[in-house]
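Chain residues, written in single-letter form:
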Amino acid sequence: MKAAIVREFGRPPEYGDFGDPRPDPGETLVSVTAAAVSPLVRARAFGAHYSSDAAPPFVPGIDGVGRTAAGQRVYFLATRPPFGSLAERSVAETRSCQPLPDDLDDTTAAAAANPGMSCWIPLTRHAPIRPGEAVLVNGATGVAGRMAIQVAKYLGARRVIATGRTESKFAALRDLGADTVLPLAQPAEALRDAVRQEAREFRIGVVLDYLWGPSAEAILAGLGGPEAPRGPERVRYIQIGNLAGPTITLASSLLRSSGVEILGSGIGSSSRAELATGIGEFLGVYIRAGFRISVTVRPLSEIEPGWAEGPGDRRPVFTVP
Ligand SMILES: NC(=O)c1ccc[n+]([C@@H]2O[C@H](COP(=O)([O-])OP(=O)(O)OC[C@H]3O[C@@H](n4cnc5c(N)ncnc54)[C@H](OP(=O)(O)O)[C@@H]3O)[C@@H](O)[C@H]2O)c1
(Lines give C-alpha, C1' and ligand atoms only; values in the text may rest on other atoms or scores of the structure.)
Protein backbone atom coordinates (compact mmCIF):
# COMPACT_ATOMS: atom_id res chain seq x y z
CA MET A 1 0.00 0.00 0.00
CA LYS A 2 1.03 3.65 -0.35
CA ALA A 3 1.99 5.40 2.89
CA ALA A 4 3.99 8.16 4.52
CA ILE A 5 7.04 6.42 5.98
CA VAL A 6 9.38 7.63 8.72
CA ARG A 7 12.69 5.99 7.79
CA GLU A 8 14.83 7.84 10.33
CA PHE A 9 14.00 10.00 13.37
CA GLY A 10 14.67 13.64 12.60
CA ARG A 11 13.90 13.35 8.90
CA PRO A 12 10.49 14.11 7.34
CA PRO A 13 8.40 11.12 6.24
CA GLU A 14 8.69 9.92 2.64
CA TYR A 15 5.85 8.81 0.38
CA GLY A 16 6.39 5.17 -0.62
CA ASP A 17 5.31 1.53 -0.41
CA PHE A 18 4.73 -0.15 2.97
CA GLY A 19 3.44 -3.64 3.86
CA ASP A 20 -0.31 -3.95 4.42
CA PRO A 21 -1.56 -4.23 8.03
CA ARG A 22 -3.51 -7.29 9.18
CA PRO A 23 -5.89 -6.80 12.11
CA ASP A 24 -5.22 -8.73 15.34
CA PRO A 25 -8.16 -9.81 17.53
CA GLY A 26 -9.84 -6.66 18.90
CA GLU A 27 -8.64 -4.58 15.96
CA THR A 28 -10.40 -3.20 12.90
CA LEU A 29 -8.90 -2.74 9.44
CA VAL A 30 -9.66 0.78 8.21
CA SER A 31 -9.40 2.10 4.65
CA VAL A 32 -8.18 5.61 5.46
CA THR A 33 -9.76 8.64 3.78
CA ALA A 34 -8.22 11.49 5.81
CA ALA A 35 -5.58 11.92 8.52
CA ALA A 36 -4.19 15.09 10.11
CA VAL A 37 -0.68 16.10 11.10
CA SER A 38 -1.06 17.51 14.61
CA PRO A 39 1.86 18.50 16.88
CA LEU A 40 1.43 15.07 18.50
CA VAL A 41 1.88 13.28 15.15
CA ARG A 42 4.86 15.47 14.32
CA ALA A 43 6.52 14.89 17.73
CA ARG A 44 5.98 11.12 17.55
CA ALA A 45 7.43 11.08 14.04
CA PHE A 46 10.55 12.65 15.51
CA GLY A 47 10.56 10.15 18.41
CA ALA A 48 10.25 13.14 20.72
CA HIS A 49 6.81 12.64 22.35
CA TYR A 50 6.44 10.96 25.74
CA SER A 51 4.03 8.49 24.12
CA SER A 52 6.40 7.58 21.24
CA ASP A 53 6.33 3.80 20.82
CA ALA A 54 7.54 3.12 17.27
CA ALA A 55 11.00 2.61 15.80
CA PRO A 56 11.71 3.44 12.13
CA PRO A 57 10.59 2.45 9.62
CA PHE A 58 6.99 3.19 10.57
CA VAL A 59 3.90 4.99 9.30
CA PRO A 60 3.16 8.15 11.34
CA GLY A 61 -0.29 9.26 12.51
CA ILE A 62 -2.31 7.82 15.39
CA ASP A 63 -5.82 8.74 14.27
CA GLY A 64 -7.92 9.55 11.26
CA VAL A 65 -11.12 8.92 9.37
CA GLY A 66 -11.90 5.97 7.13
CA ARG A 67 -14.19 3.08 6.32
CA THR A 68 -14.30 -0.34 7.96
CA ALA A 69 -14.59 -3.55 5.91
CA ALA A 70 -18.35 -3.38 6.61
CA GLY A 71 -18.47 0.06 4.98
CA GLN A 72 -19.01 2.09 8.17
CA ARG A 73 -17.48 5.58 8.17
CA VAL A 74 -15.54 5.98 11.42
CA TYR A 75 -13.09 8.13 13.30
CA PHE A 76 -10.33 5.80 14.53
CA LEU A 77 -7.66 6.16 17.21
CA ALA A 78 -4.97 3.90 18.62
CA THR A 79 -3.16 2.51 15.63
CA ARG A 80 -0.60 -0.29 16.17
CA PRO A 81 3.02 0.47 15.21
CA PRO A 82 4.53 0.20 12.69
CA PHE A 83 1.15 1.06 11.13
CA GLY A 84 -0.22 4.58 11.36
CA SER A 85 -3.03 6.62 9.88
CA LEU A 86 -1.04 8.40 7.13
CA ALA A 87 -1.49 5.46 4.77
CA GLU A 88 -4.06 3.86 2.51
CA ARG A 89 -4.91 1.35 5.24
CA SER A 90 -4.44 1.11 9.00
CA VAL A 91 -5.47 -0.99 11.98
CA ALA A 92 -7.07 0.47 15.10
CA GLU A 93 -8.54 -0.84 18.33
CA THR A 94 -12.14 -1.73 17.52
CA ARG A 95 -13.34 -0.12 20.76
CA SER A 96 -11.61 3.11 19.70
CA CYS A 97 -13.55 3.38 16.40
CA GLN A 98 -16.33 5.96 16.56
CA PRO A 99 -19.13 6.26 13.98
CA LEU A 100 -19.32 9.71 12.40
CA PRO A 101 -22.42 11.82 11.80
CA ASP A 102 -23.36 12.16 8.12
CA ASP A 103 -23.16 15.96 8.15
CA LEU A 104 -19.50 16.08 9.23
CA ASP A 105 -17.05 15.69 6.35
CA ASP A 106 -13.95 13.49 6.59
CA THR A 107 -11.31 16.23 6.45
CA THR A 108 -12.98 18.40 9.10
CA ALA A 109 -13.39 15.39 11.40
CA ALA A 110 -9.75 14.36 10.92
CA ALA A 111 -8.52 17.91 11.58
CA ALA A 112 -10.76 18.65 14.57
CA ALA A 113 -10.32 15.42 16.53
CA ASN A 114 -6.96 16.18 18.19
CA PRO A 115 -7.64 19.83 19.11
CA GLY A 116 -11.13 18.75 20.21
CA MET A 117 -9.68 16.06 22.44
CA SER A 118 -7.43 18.61 24.14
CA CYS A 119 -10.34 20.55 25.62
CA TRP A 120 -13.39 18.25 25.37
CA ILE A 121 -11.80 15.51 27.50
CA PRO A 122 -10.86 17.76 30.44
CA LEU A 123 -14.03 19.86 30.28
CA THR A 124 -16.31 16.79 30.19
CA ARG A 125 -14.30 14.46 32.44
CA HIS A 126 -11.58 15.88 34.69
CA ALA A 127 -12.80 19.46 35.16
CA PRO A 128 -16.40 20.13 34.11
CA ILE A 129 -17.32 23.83 34.14
CA ARG A 130 -19.54 24.72 37.09
CA PRO A 131 -22.32 27.29 36.74
CA GLY A 132 -20.96 30.85 36.68
CA GLU A 133 -17.32 29.86 36.17
CA ALA A 134 -14.90 31.45 33.72
CA VAL A 135 -12.31 29.46 31.76
CA LEU A 136 -8.79 30.69 30.98
CA VAL A 137 -7.08 29.31 27.85
CA ASN A 138 -3.31 29.82 28.01
CA GLY A 139 -1.82 29.78 24.51
CA ALA A 140 -5.03 30.27 22.57
CA THR A 141 -3.60 31.31 19.19
CA GLY A 142 -2.94 27.72 18.05
CA VAL A 143 -5.42 25.32 16.50
CA ALA A 144 -6.10 23.61 19.84
CA GLY A 145 -6.40 26.86 21.80
CA ARG A 146 -8.89 28.25 19.27
CA MET A 147 -10.97 25.09 19.62
CA ALA A 148 -10.75 25.36 23.41
CA ILE A 149 -12.30 28.84 23.30
CA GLN A 150 -15.25 27.51 21.31
CA VAL A 151 -15.72 24.36 23.39
CA ALA A 152 -15.52 26.25 26.69
CA LYS A 153 -18.25 28.63 25.51
CA TYR A 154 -20.36 25.72 24.21
CA LEU A 155 -20.05 23.87 27.53
CA GLY A 156 -21.26 26.90 29.46
CA ALA A 157 -18.29 29.06 30.46
CA ARG A 158 -19.55 32.42 31.70
CA ARG A 159 -16.45 34.09 30.32
CA VAL A 160 -13.46 32.90 28.31
CA ILE A 161 -10.14 34.57 28.98
CA ALA A 162 -7.54 33.81 26.30
CA THR A 163 -3.81 34.49 26.27
CA GLY A 164 -1.48 34.73 23.28
CA ARG A 165 1.83 36.14 22.19
CA THR A 166 0.85 37.43 18.73
CA GLU A 167 -1.45 40.48 18.90
CA SER A 168 -2.40 40.31 15.22
CA LYS A 169 -4.30 37.08 16.04
CA PHE A 170 -6.32 38.45 18.98
CA ALA A 171 -9.26 39.65 16.85
CA ALA A 172 -9.70 36.10 15.51
CA LEU A 173 -9.79 34.77 19.09
CA ARG A 174 -12.51 37.28 20.01
CA ASP A 175 -14.44 36.26 16.91
CA LEU A 176 -14.37 32.64 18.14
CA GLY A 177 -15.77 33.62 21.53
CA ALA A 178 -12.94 34.92 23.72
CA ASP A 179 -14.29 37.74 25.94
CA THR A 180 -10.82 39.12 26.55
CA VAL A 181 -7.29 38.35 25.43
CA LEU A 182 -4.33 38.89 27.73
CA PRO A 183 -1.05 39.49 25.86
CA LEU A 184 1.83 37.26 26.88
CA ALA A 185 4.30 39.86 25.64
CA GLN A 186 4.23 41.75 28.95
CA PRO A 187 6.24 41.46 32.17
CA ALA A 188 5.38 38.42 34.29
CA GLU A 189 4.11 40.65 37.13
CA ALA A 190 1.73 42.45 34.78
CA LEU A 191 0.34 39.13 33.49
CA ARG A 192 -0.01 37.88 37.07
CA ASP A 193 -1.92 41.03 38.05
CA ALA A 194 -4.19 40.85 34.98
CA VAL A 195 -5.06 37.24 35.86
CA ARG A 196 -5.65 38.22 39.50
CA GLN A 197 -8.01 40.99 38.38
CA GLU A 198 -9.94 38.58 36.13
CA ALA A 199 -10.13 36.01 38.95
CA ARG A 200 -11.55 38.67 41.31
CA GLU A 201 -14.21 39.86 38.87
CA PHE A 202 -15.08 36.55 37.23
CA ARG A 203 -14.63 33.26 39.04
CA ILE A 204 -11.92 31.39 37.06
CA GLY A 205 -12.80 27.74 37.63
CA VAL A 206 -10.68 26.06 34.95
CA VAL A 207 -7.39 26.84 33.21
CA LEU A 208 -6.56 24.99 29.99
CA ASP A 209 -2.79 25.38 29.55
CA TYR A 210 -1.14 24.70 26.18
CA LEU A 211 2.17 26.42 27.05
CA TRP A 212 3.51 25.69 30.55
CA GLY A 213 6.80 27.55 31.22
CA PRO A 214 6.93 31.21 32.34
CA SER A 215 3.31 32.13 31.50
CA ALA A 216 2.06 29.18 33.58
CA GLU A 217 4.11 30.46 36.53
CA ALA A 218 2.59 33.95 36.15
CA ILE A 219 -0.97 32.62 35.83
CA LEU A 220 -0.56 30.33 38.85
CA ALA A 221 0.82 33.29 40.82
CA GLY A 222 -2.29 35.26 39.83
CA LEU A 223 -4.58 32.45 41.01
CA GLY A 224 -2.78 31.88 44.32
CA GLY A 225 -0.68 33.86 46.76
CA PRO A 226 -1.70 36.24 49.54
CA GLU A 227 -3.84 38.52 47.35
CA ALA A 228 -5.71 35.71 45.56
CA PRO A 229 -9.45 35.33 45.97
CA ARG A 230 -9.97 32.97 48.89
CA GLY A 231 -12.65 30.49 49.83
CA PRO A 232 -13.69 26.97 49.09
CA GLU A 233 -13.73 27.36 45.29
CA ARG A 234 -11.35 25.06 43.47
CA VAL A 235 -9.44 26.16 40.36
CA ARG A 236 -8.71 23.15 38.16
CA TYR A 237 -5.48 23.91 36.27
CA ILE A 238 -5.23 21.48 33.35
CA GLN A 239 -1.77 20.92 31.83
CA ILE A 240 -2.23 20.05 28.12
CA GLY A 241 0.80 21.23 26.12
CA ASN A 242 4.30 22.57 26.84
CA LEU A 243 5.14 24.77 23.87
CA ALA A 244 6.79 27.37 26.10
CA GLY A 245 8.80 25.00 28.29
CA PRO A 246 8.78 21.49 29.78
CA THR A 247 9.09 22.59 33.42
CA ILE A 248 8.00 25.32 35.85
CA THR A 249 9.01 26.45 39.31
CA LEU A 250 6.11 26.06 41.73
CA ALA A 251 6.13 27.43 45.28
CA SER A 252 4.60 24.90 47.70
CA SER A 253 2.85 27.78 49.50
CA LEU A 254 0.86 28.51 46.35
CA LEU A 255 -0.87 25.13 46.63
CA ARG A 256 -1.40 25.47 50.39
CA SER A 257 -2.77 28.98 50.16
CA SER A 258 -5.20 28.52 47.29
CA GLY A 259 -7.81 26.25 45.78
CA VAL A 260 -5.57 25.45 42.83
CA GLU A 261 -5.47 21.79 41.73
CA ILE A 262 -3.05 20.83 38.94
CA LEU A 263 -4.05 17.99 36.62
CA GLY A 264 -2.90 16.78 33.22
CA SER A 265 -4.89 15.73 30.19
CA GLY A 266 -3.50 13.62 27.35
CA ILE A 267 -2.52 10.11 26.31
CA GLY A 268 -1.99 8.26 29.57
CA SER A 269 -4.14 10.44 31.82
CA SER A 270 -7.15 8.83 30.11
CA SER A 271 -7.29 5.43 28.42
CA ARG A 272 -7.27 5.42 24.63
CA ALA A 273 -10.82 4.05 24.65
CA GLU A 274 -11.95 6.94 26.87
CA LEU A 275 -10.18 9.44 24.63
CA ALA A 276 -11.84 7.94 21.55
CA THR A 277 -15.27 8.00 23.22
CA GLY A 278 -14.78 11.65 24.14
CA ILE A 279 -13.63 12.54 20.63
CA GLY A 280 -16.69 10.71 19.26
CA GLU A 281 -18.94 12.86 21.48
CA PHE A 282 -17.15 16.03 20.35
CA LEU A 283 -17.41 15.14 16.65
CA GLY A 284 -21.06 14.22 17.24
CA VAL A 285 -21.93 17.78 18.30
CA TYR A 286 -19.42 19.57 16.03
CA ILE A 287 -21.85 20.81 13.36
CA ARG A 288 -24.70 21.57 15.78
CA ALA A 289 -22.32 23.56 17.99
CA GLY A 290 -21.03 25.58 15.03
CA PHE A 291 -17.39 24.82 15.83
CA ARG A 292 -14.86 26.12 13.29
CA ILE A 293 -11.37 25.03 12.26
CA SER A 294 -9.09 26.07 9.38
CA VAL A 295 -7.80 23.14 7.35
CA THR A 296 -5.30 22.69 4.51
CA VAL A 297 -6.08 19.59 2.47
CA ARG A 298 -3.51 17.77 0.30
CA PRO A 299 -3.37 14.26 -1.17
CA LEU A 300 -1.21 11.83 0.79
CA SER A 301 1.22 11.72 -2.14
CA GLU A 302 2.17 15.31 -1.16
CA ILE A 303 3.20 14.39 2.39
CA GLU A 304 6.77 15.59 1.89
CA PRO A 305 6.05 19.21 0.77
CA GLY A 306 3.07 19.35 3.14
CA TRP A 307 5.18 18.24 6.10
CA ALA A 308 7.92 20.73 5.24
CA GLU A 309 5.47 23.64 5.50
CA GLY A 310 5.45 23.03 9.26
CA PRO A 311 2.79 23.98 11.77
CA GLY A 312 0.72 27.07 11.01
CA ASP A 313 -2.72 28.45 11.72
CA ARG A 314 -4.32 25.83 9.47
CA ARG A 315 -4.27 22.12 10.35
CA PRO A 316 -2.78 20.01 7.53
CA VAL A 317 -4.93 17.04 6.52
CA PHE A 318 -3.83 14.41 4.00
CA THR A 319 -6.42 12.52 2.00
CA VAL A 320 -6.44 9.14 0.30
CA PRO A 321 -8.58 9.29 -2.84
N1 LIG B 1 -2.77 16.77 25.75
C2 LIG B 1 -3.60 16.80 24.72
O3 LIG B 1 -4.65 16.15 24.71
C4 LIG B 1 -3.27 17.67 23.56
C5 LIG B 1 -4.10 17.71 22.43
C6 LIG B 1 -3.81 18.63 21.42
C7 LIG B 1 -2.68 19.44 21.50
N8 LIG B 1 -1.87 19.31 22.58
C9 LIG B 1 -0.66 20.14 22.71
O10 LIG B 1 -1.06 21.49 22.80
C11 LIG B 1 -0.09 22.33 22.18
C12 LIG B 1 -0.77 23.21 21.14
O13 LIG B 1 -1.28 22.39 20.12
P14 LIG B 1 -1.88 23.05 18.80
O15 LIG B 1 -2.53 21.98 18.03
O16 LIG B 1 -2.68 24.26 19.13
O17 LIG B 1 -0.55 23.53 18.07
P18 LIG B 1 -0.42 24.60 16.89
O19 LIG B 1 -1.66 24.67 16.10
O20 LIG B 1 0.85 24.28 16.20
O21 LIG B 1 -0.31 26.02 17.63
C22 LIG B 1 0.73 26.34 18.40
C23 LIG B 1 0.51 27.77 18.90
O24 LIG B 1 1.25 27.95 20.06
C25 LIG B 1 1.80 29.23 20.02
N26 LIG B 1 3.07 29.20 20.72
C27 LIG B 1 4.15 28.44 20.44
N28 LIG B 1 5.13 28.69 21.32
C29 LIG B 1 4.66 29.67 22.14
C30 LIG B 1 5.20 30.37 23.24
N31 LIG B 1 6.45 30.13 23.66
N32 LIG B 1 4.43 31.30 23.83
C33 LIG B 1 3.18 31.56 23.40
N34 LIG B 1 2.60 30.93 22.37
C35 LIG B 1 3.35 29.99 21.75
C36 LIG B 1 1.99 29.63 18.60
O37 LIG B 1 1.85 31.00 18.68
P38 LIG B 1 1.82 32.12 17.57
O39 LIG B 1 0.59 31.81 16.77
O40 LIG B 1 1.67 33.37 18.33
O41 LIG B 1 3.10 31.97 16.83
C42 LIG B 1 0.88 28.82 17.90
O43 LIG B 1 -0.23 29.60 17.66
C44 LIG B 1 0.97 21.38 21.61
O45 LIG B 1 2.00 21.26 22.56
C46 LIG B 1 0.24 20.07 21.49
O47 LIG B 1 1.10 18.96 21.53
C48 LIG B 1 -2.14 18.46 23.60
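Predicted model only: the values in this text are computed from it and were never measured.

Some words on the overall build of the protein
- For the protein, the helix and strand inventory stands at nine helices and 15 strands.
- A globule of 321 residues ought to have a C-alpha radius of gyration of about 20 Å, and the protein, at 20 Å, matches this closely.
- By its C-alpha atoms, the protein is 60 × 40 × 35 Å across when sized along the principal axes.
- By residue count, 55% of the 321 residues in the protein fall in the buried class.
- Contacts in the protein between residues far apart in sequence, at least 24 positions, make up 72% of those at least 6 positions apart.
- Carbon together with sulfur atoms contributes 51% to the accessible area of the protein, which is approximately 13,400 Å² in total.
- Charge-centre separation for the protein: the mean point of 34 positive side chains lies 3 Å from the mean point of 33 negative side chains.

Brief notes about the side chain of Ser-96
- Positionally, Ser-96 belongs in the loop between strand S6 (89–93) and strand S7 (98–99).
- Setting aside anything within four residues of it in sequence, one finds Ser-96 in contact with Tyr-75, Phe-76, Leu-77, Ala-78, Arg-272, Ala-273 and Ala-276.

Remarks on the sheet that holds strand S10 (residues 180–183)
- Taken in spatial order, the six strands line up as S10-S9-S8-S11-S12-S13 in an open sheet, and their pairing is parallel. The open sheet terminates on both sides in strands that have one partner only, identified here as S10 and strand S13 (260–264). The mean angle between the axes of side-by-side strands here comes to 20 degrees, regardless of whether they run parallel or antiparallel.
- Relative to strand S9 (residues 159–164), strand S8 (residues 134–138) runs parallel, the two being bridged by four bridges. Residue pairing for S9: Ala-134 is matched across the bridge by Arg-159.
- Packed on one face of the sheet, helix H5 (residues 188–201) meets S8, S9, S10 and strand S11 (204–209) and runs near 155 degrees to S10.

What about the site of the ligand?
- With respect to spatial proximity, 23 residues lie near the ligand, and among them Ala-144, Thr-166, Lys-169, Ser-265 and Arg-315 are the closest.
- Within the complex, the protein chains bury 83% of what would otherwise be the 920 Å² of accessible surface of the ligand.
- Among the secondary structure elements, those contributing two or more residues to the shell around the ligand are helix H2 (106–126) and helix H3 (143–154).
- With three residues, the single largest contributor to the shell around the ligand is H2.
- Of the residues assigned to the shell around the ligand, the class counts are eleven nonpolar, nine polar and three charged.
- Each of domain 1 (2–99 + 291–319) and domain 2 (115–264) contributes no fewer than three residues to the shell around the ligand.

A few points about the packing of aromatic side chains
- Applying the stated criterion to the full structure yields nine aromatic pairs.
- The interplanar angle of 90 degrees and the centroid separation of 5.7 Å between the aromatic rings of Phe-282 and Tyr-286 together place this pair among those described as edge-to-face. Here the residue Phe-282 and the residue Tyr-286 both occupy positions in helix H8 (residues 272–289), the gap between them amounting to four residues, near one helical turn.
- Within the aromatic cluster, the residues linked to one another by ring pairs are Trp-120, Tyr-154, Phe-282, Tyr-286 and Phe-291.
- Of note, Arg-42 hangs over the ring of Trp-307, and the distance from its end group to the ring centre comes to 4.7 Å.

The rules we used
Residues numbered from 1 in each chain as written. Predicted model: local features only at pLDDT ≥ 70, side-chain atom pairs only at ≥ 80, totals over all residues. Heavy atoms only, no water. Helix = DSSP H or I, 4+ residues; strand = E, 2+ residues; numbered from the N terminus. Rg over C-alpha atoms; globule rule 2.2 N^0.38 Å. Buried < 20%, exposed > 50% of the residue type's maximum accessible area, 1.4 Å probe, protein only. Contact = heavy atoms within 4.5 Å. Areas by Shrake-Rupley, 256 points an atom, 1.4 Å probe, with all protein chains shown as cover. Lys, Arg positive; Asp, Glu negative; His and termini not counted. Charge placed at Lys NZ, Arg CZ, Asp CG, Glu CD. Pairing = 2+ DSSP bridges. Axes fitted to C-alpha atoms, helices over the stretch in contact; angles between N-to-C directions. Near = heavy atom within 4 Å. Nonpolar A, V, L, I, M, F, W, Y, C, P; charged D, E, K, R; others polar. Domains from an automatic or database assignment. Phe/Tyr/Trp six-rings, centres within 6.5 Å; stacked < 30°, edge-to-face > 60°. Lys NZ or Arg CZ within 6 Å of the ring centre and 35° of its normal.

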